[in-house]
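Tertiary structure, described
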Amino acid sequence: HERAGGYIWAPLRDKRGSTPHHWENVSVVRPGDTVYSYVRGKIAAVGEVTSEPYEADKPAGFDPENVWERKGRCANVRYQDVSPPIDLKDIIHDLAPLLPEHYSPINSNLTGVQGYLFALPESAGFFLRGVLGIR
C-alpha cells in the first residue's frame, strides 16, 4: 500500500493510548531522508521522503482488519523498486554491526524486528546505499 500510494503512515496511538517508537519515527522524517522498504525478508524498495510529516487519516486499504485508529502521521515518499530485491540474509553479517544497540531493526538473533519505521545510523545507510548501488 505504501509503495503504491507514495507514503509512510502510522497511527498516533495504539489501543493502550501509547505510541511505539517505530510509529513515532514517522514524525521525525524530513524531505530528503531515505526509507528502505523491507518486505518478507527482503529490501524490496527504496524511497526518498518528499514532504514534512503531517497528520492524516488512515489511507484506504492500509488496515483491512481495521485494527488501528483512524488518525495518524504521514509523510510522502517517492519509491523505486529494488530489482532484484536484496535478501537480508545475504547482508546481515555486514549490516548488523552498523546498527544501534537499542531500537534496532535487527535483533540479537540476526533476524528482523517487527516494527514500522526504524532510524538508521549514517554508516548503516551508507552501507545499504552501496549494496543497492545508490548514490
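These lines cover the structure that appears in this document, whether it is placed above or below. (Residues numbered from 1 in each chain as written. Predicted model: local features only at pLDDT ≥ 70, side-chain atom pairs only at ≥ 80, totals over all residues. Heavy atoms only, no water.)

Next up on the list: the overall build of the protein. Across its full length, the protein carries four helices and five strands. Put simply, the protein runs from its N terminus to its C terminus through helices and strands in the order α-β-α-β-β-β-β-α-α. At 15 Å, the protein has a C-alpha radius of gyration in line with the 14 Å of a compact globule built from 135 residues. Across its three principal axes, the protein shows a C-alpha extent of roughly 40 × 30 × 25 Å. Counting over 135 residues, the protein shows a buried share of 40%. Across the protein, every contact between residues at least 6 apart in sequence was considered, and the portion connecting residues at least 24 apart equals 63%. Of the roughly 8,400 Å² that the protein leaves accessible, carbon and sulfur atoms contribute 49%. (Helix = DSSP H or I, 4+ residues; strand = E, 2+ residues; numbered from the N terminus. Rg over C-alpha atoms; globule rule 2.2 N^0.38 Å. Buried < 20%, exposed > 50% of the residue type's maximum accessible area, 1.4 Å probe, protein only. Contact = heavy atoms within 4.5 Å. Areas by Shrake-Rupley, 256 points an atom, 1.4 Å probe, with all protein chains shown as cover.)

Packing of helix 3 (residues 88-95) against helix 4 (residues 122-132) leaves a shortest axis separation of 11 Å and a crossing angle of 145°. In this structure, helix 3 meets helix 4 at a crossing whose hand is right-handed. Two secondary-structure elements touch here, helix 3 through I91, D94 and L95 and helix 4 through A124, F127, L128 and V131. (Axes fitted to C-alpha atoms, helices over the stretch in contact; angles between N-to-C directions. Left-handed = near helix turned anticlockwise from the far one by under 90°.)

Further remarks concern the packing of aromatic side chains. Note on aromatic pairs: each is described by the distance of the centres and the angle between the planes. If you walk through the whole model with that rule in mind, you get one aromatic pair. Here the aromatic rings of W23 and W68 are separated by 6.0 Å at their centres, their planes lie at 80°, and the arrangement is edge-to-face. In this pair, W23 sits in helix 2 (residues 21-24) while W68 sits in the loop between strand 4 (54-57) and strand 5 (71-87), placing the two residues 45 residues apart along the sequence. A residue is classified by how much of its surface remains accessible, and W23, at 8% relative accessible area, is buried. (Phe/Tyr/Trp six-rings, centres within 6.5 Å; stacked < 30°, edge-to-face > 60°.)

Let us now look at the environment of R135. Relative to the helices and strands, R135 is located in the segment after helix 4. Since its relative accessible area comes to 88%, R135 is described here as exposed. Here the alpha-carbon distance between R135 and L88, two residues 47 residues apart in the chain, equals 20 Å.

Secondary-structure assignment places S18 in the loop between strand 1 (7-11) and helix 2. The exposure class assigned to S18 is partly exposed, which follows from its relative accessible area of 31%. Each residue touching S18, except ones within four places of it in the same chain, is listed here: L12 and R13.

Every buried residue belonging to helix 4 is among A124, G125, F127, L128 and L132, and all of these are buried. Projection of helix 4 onto a plane perpendicular to its axis shows the buried side chains occupying an angular sector of 160°, all on one side. Exposed and facing more than 90 degrees away from the buried side of helix 4 are E122, F126 and G130. Those residues of helix 4 hidden inside the fold are in contact with strand 2 (34-39), strand 3 (42-49), strand 5 and helix 3. Where helix 4 terminates, the next one or two residues include G133, which has phi positive at roughly 70°. (Arc of directions from axis to C-beta.)

For the peptide bond that leads from S83 to P84, omega is -5°, which places it in the cis range. Among the secondary structure elements, P84 is positioned in strand 5. Its identity is not glycine, yet R40 carries a phi of approximately 55°, on the positive side. The phi dihedral of L110 is positive, around 60°, even though this residue is not glycine. The topology assignment puts L110 in the loop between helix 3 and helix 4.

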